[in-house]
Amino acid sequence: MKNKVLTILFLGFLSQIILSCCDCSEAFTYQNLYTGVTIIPYDISGFNAEIATDTVYKNAFGLGVMVNFETKLAVNAPKPGLGFNAAVAISCDCVEDSYVYPDPISHFDLYMIDAFNGEKTKVNQHFKIVGYNGELISLEEFFPQRQEWHDGFQIELVTFDAISNSVIFEVEVFLKSNQSFTGQTEVVNFF
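Read on for a plain summary of the structure. (Residues numbered from 1 in each chain as written. Predicted model: local features only at pLDDT ≥ 70, side-chain atom pairs only at ≥ 80, totals over all residues. Heavy atoms only, no water.)

### Regarding the overall build of the chain
For step 1, the next point in the chain: Within the chain one finds two helices and 13 strands.
For step 2, the next point in the chain: Of all 191 residues assigned to the chain, the portion counted as buried reaches 35%.
For step 3, the next point in the chain: Working note: accessible area of the chain is about 11,900 Å², and carbon and sulfur atoms make up 55% of it. (Helix = DSSP H or I, 4+ residues; strand = E, 2+ residues; numbered from the N terminus. Buried < 20%, exposed > 50% of the residue type's maximum accessible area, 1.4 Å probe, protein only. Areas by Shrake-Rupley, 256 points an atom, 1.4 Å probe, with all protein chains shown as cover.)

Given below as structure tokens:
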């Protein structure tokens, strides 16, 4: 009788170990290294934003700012276990790939270059971005709360009286190291 109880307990313990062995793939750590910036003018007058290819209304204009990056393998995370996958109770907690940003985005500045006279003016105050609560906020309010992974931005022109009718928009993105990248749109014509 004693052997049966020990056998049942041993089989129960052995089944937990077998059931809890995970088939986890190897986890890696990657670095996202920023390399440049792309700016796309949008007509946001309809249900879906469309790339502005011709003349657009000032009150229905936005910019897409995408900070380009390269992903490189940084460190290979060690795989737990003694020749077999880790057996932890009846759960399976695999380690996932992780991404780090060694030189993250600090902020960006927007400029308007008048197509007729070449005058360059900073216009951050004329644009807003949708915050994480769903409301439009200024860029100065947004960047302190920005998530580290957030490197694509959709911004809207909200005050347009000071914007010329034919302009080039330029964006300068600054990283924490003070390195910067600059990108421009083609000439944008407004009604």
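### Brief notes about the pairing of strand β6 (residues 105-114)
For step 1, the next point in the chain: Buried residues dominate β6, accounting for eight of its ten residues.
For step 2, the next point in the chain: Relative to strand β11 (residues 166-175), β6 is paired through nine bridges, and the arrangement is antiparallel. Along β11, the bridge assignment pairs Y111 with E170.
For step 3, the next point in the chain: Direction of pairing for β6 relative to strand β7 (residues 120-122): antiparallel, over a ladder of three bridges. When the sheet's bridge partners are listed, I113 is paired in β7 with K120.
For step 4, the next point in the chain: Hairpin connection from β6 to β7: five residues lie between these consecutive antiparallel strands, with G118 at a positive phi of about 75°. (Pairing = 2+ DSSP bridges.)

### Examining the pattern of salt bridges
For step 1, the next point in the chain: As enumerated under the stated definition, the model contains three salt bridges in all.
For step 2, the next point in the chain: The salt bridge involving D109 is made with K122; its shortest N-O contact spans 3.4 Å. Of this pair, D109 sits in strand β6 while K122 sits in strand β7, and the two are 13 residues apart along the sequence.
For step 3, the next point in the chain: Given a relative accessible area of 42%, K122 falls into the partly exposed group.
For step 4, the next point in the chain: A salt bridge links K120 to E170, with the shortest nitrogen-to-oxygen separation between them at 2.6 Å. Of this pair, K120 sits in strand β7 while E170 is found in strand β11, placing the two residues 50 residues apart along the sequence.
For step 5, the next point in the chain: Overall, the relative accessible area of 45% leaves K120 in the partly exposed class.
For step 6, the next point in the chain: For E170, a relative accessible area of 8% translates into the label buried. (Salt bridge = Lys/Arg side-chain N within 4 Å of Asp/Glu carboxyl O.)

### Details of the packing of aromatic side chains
For step 1, the next point in the chain: Summed over the entire model, instances satisfying the criterion amount to 15 aromatic pairs.
For step 2, the next point in the chain: With a centroid separation of 5.6 Å and 45° between ring planes, the pair formed by F143 and F153 is classed as tilted. Of this pair, F143 sits in helix α2 (residues 139-145) while F153 sits in strand β10 (residues 152-157), and the two are ten residues apart along the sequence.
For step 3, the next point in the chain: Assessed through its relative accessible area of 11%, F143 is described here as buried. (Phe/Tyr/Trp six-rings, centres within 6.5 Å; stacked < 30°, edge-to-face > 60°.)

### Digging into the side chain of S138
For step 1, the next point in the chain: Mapping S138 onto the fold places it in strand β9 (residues 136-138).
For step 2, the next point in the chain: Under the relative-accessibility criterion, S138 is labelled buried at 18%.
For step 3, the next point in the chain: The contact partners of S138, leaving out residues within four places of it in the chain, are K128 and I129. (Contact = heavy atoms within 4.5 Å.)

### Digging into the nonpolar core
For step 1, the next point in the chain: Judged by nonpolar contacts, the single largest core of 33 residues is most densely connected at F61, F108, L110, F127, F153, I155 and F169.
For step 2, the next point in the chain: Listing elements by their share of this core, those giving two or more residues are β1 (28-43), β4 (61-76), β6, β8 (127-130), α2, β10, β11 and β13 (188-190).
For step 3, the next point in the chain: If you tally residues by element for this core, the top one is β11, at five residues. (Core = buried A, V, L, I, M, F, W, Y, C linked by side-chain atoms within 4.5 Å.)

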